[in-house]
Amino acid sequence: MNSTVPVRLGDRSYEVSVGAGVRSSLAAVVARLGARRAVVVSARPPRWVPDPGVETLLLPARDGEHGKTLATVEALCGEFVRFGLTRNDVVVSCGGGTTTDVVGLAAALYHRGVDVIHLPTTLLAQVDASVGGKTAVNLPEGKNLVGAFWQPRAVLCDTDYLSTLPPREMASGFGEIARCHFIGAGDLRGLSLPEQIAASVALKAAIVEVDERDAGRRHLLNYGHTLGHALEVATGFALRHGEAIAIGTVFAGRLAFVLGRIDRARADEHLAVVRHYGLPTALPAEVDPGGLVGQMRRDKKAVDGLGFVLDGPGGAELVTDVPVDAVRRVLDEMPRLPMATLVGAASDAVLT
């Protein structure tokens, strides 16, 4: 059964449609916006892209963090100019998280803002990147360091897209669903996949509605991300985003325990939830913990020393100025597995 989740942001409000076949409503959404032209940027075959119902330029894209750069954004904007796209037209993304982020940023910058519609085709993009208006690209120095807030006009999470994903790509999406367990969604493990997607989107929408620009409560959405982003960079993105966030979630539980914020049972719950989704729970053996600490200092939340979103007596919250020795202790105590083992048999990874 299909569902609709509203994101209430005043005149920037929009709806997220979740379910089988929802991409077929694209033409109706474009017509409602009054656009006469559309640029569709797709990382998927043309047959995956529904007809926007107006004159359309279809541009190929490639998902993957290595294409998440300012150069890609510049190239897209150049194509917009050559097509004659105006600020009254629309841009459509069709792909995973990288495509969603890059296209969203290009739409935010072109003519200082043109409407964008997202058709996320991976589980990761459906539960995270496509909702909330955060757009960003990477620099060699770190992940998501250049970006803008630009809300979409609609998001169409068609679950039919997910039937073509390889198992590892699906698992990556579950990394974001797993972290929702600890930031207010409750236990999603017994729900169907469309229900898990809708619940994750509803949680994100509720948080974005009260903190659109990441000034406070929206920090909760970064649960597990501080270490996760550092792991992505340290492994040259050999770890998928959701895999890295899963490891970061286990780390967050252990760090909260070491800091006396939660008890052992709650820390163990982090491990159990991540394991349930078949995700890695150990650090890559090839990664230097000291290098991870240095990378985490570059995190956007690191205003006063190291900052992490951590569980606690009143729930998750941003904790700043976390002692480096506590972080190093937890990193040193986490089990380590070779990368090949970690990503090849993630569900078999065992913490002791």
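Let me sum up the structure you'll find in this document. Every value quoted in this text rests on a predicted model; they were computed, and no experiment measured them.

## Description of the nonpolar core
Formed by 70 residues in total, the largest nonpolar core has its most connected members in V16, M296 and V327. The element best represented in this core is helix α8 (residues 241–258), accounting for eight residues. Apart from the residues lying within four places of it in its own chain, the contact partners of V16 are S3, T4, V5, V7, V131, V155, C157 and V201. Among the nonpolar cores identified, the runner-up in size contains 19 residues, and V103, A107, Y110 and V137 belong to it.

## A short note on helix α7 (residues 225–234)
The α-helix winds at 3.6 residues per turn, so residues separated by three or four positions along the chain end up facing the same way. Where burial is concerned, most of α7 is hidden: eight out of the ten residues are buried. Along α7, the residues classified as buried are H225, T226, L227, G228, H229, A230, L231 and E232. Positive backbone phi, at 60°, marks G236, one or two positions downstream of α7.

## A closer look at a nonpolar patch on the surface
Together, L70, L139 and L145 give the surface a local cluster of nonpolar side chains, amounting to about 210 Å² of exposed area. Here L145 shows up in strand β8 (residues 142–149).

## Regarding the pairing of strand β2 (residues 14–19)
Counting buried residues in β2 gives five out of six residues, a clear majority hidden from the surface. With five bridges connecting them, strand β1 (residues 3–7) and β2 associate as antiparallel partners. Looking across to β2, one finds that S3 is bridged to V18. With antiparallel pairing between neighbouring strands as the criterion, β1 and β2 make up a hairpin whose turn holds six residues, including G10 at a positive phi of roughly 65°. In terms of strand pairing, β2 meets strand β9 (residues 154–158) through four bridges, oriented parallel. From the neighbouring strand, S17 faces β9, where its bridge partner is L156.

## Some thoughts on the pairing of strand β5 (residues 90–95)
Counting buried positions along β5 yields six of six residues, so the element is predominantly enclosed. By the alternation rule, side chains of β5 split into V90, V92 and C94 and V91, S93 and G95, which are all buried. Pairing of strand β3 (residues 37–42) with β5 involves five bridges; the strand directions are parallel. By the bridge assignment, V39 is partnered in β5 with V91. Examined bridge by bridge, β5 and strand β6 (residues 115–120) share six bridges and lie parallel to one another. Bridge pairing links S93 to H118 in β6. In terms of handedness, the path from β5 via helix α3 (residues 97–109) over to β6 forms a crossover that is right-handed.

## Quick notes on the sheet that holds β6
With mixed pairing, seven strands are arranged side by side in an open sheet as β1-β2-β9-β6-β5-β3-β4. Whereas interior strands pair on both sides, the edge strands pair on one side only; in this sheet they are β1 and β4 (55–60). Adjacent strand axes in the sheet meet at a mean angle of 15° when their direction is disregarded. Judged from the two bridges that link them, β6 and β9 form a sheet pairing that is parallel. Bridged to I117 within β9 is A154. Strands β5, β6 and β9 of the sheet are contacted by helix α1 (residues 26–33), whose axis makes an angle of about 170° with β6. Contacts from α3 reach β3, β5 and β6, with the element oriented near 165° to β5.

Procedures and definitions
Residues numbered from 1 in each chain as written. Predicted model: local features only at pLDDT ≥ 70, side-chain atom pairs only at ≥ 80, totals over all residues. Heavy atoms only, no water. Core = buried A, V, L, I, M, F, W, Y, C linked by side-chain atoms within 4.5 Å. Buried < 20%, exposed > 50% of the residue type's maximum accessible area, 1.4 Å probe, protein only. Helix = DSSP H or I, 4+ residues; strand = E, 2+ residues; numbered from the N terminus. Contact = heavy atoms within 4.5 Å. Patch = residues over 30% accessible without salt bridge, like charges linked within 9 Å, V, L, I, M, F, W, Y side chains within 5 Å. Areas by Shrake-Rupley, 256 points an atom, 1.4 Å probe, with all protein chains shown as cover. Salt bridge = Lys/Arg side-chain N within 4 Å of Asp/Glu carboxyl O. Pairing = 2+ DSSP bridges. Right-handed = clockwise from strand over helix to strand, strands pointing away. Axes fitted to C-alpha atoms, helices over the stretch in contact; angles between N-to-C directions.

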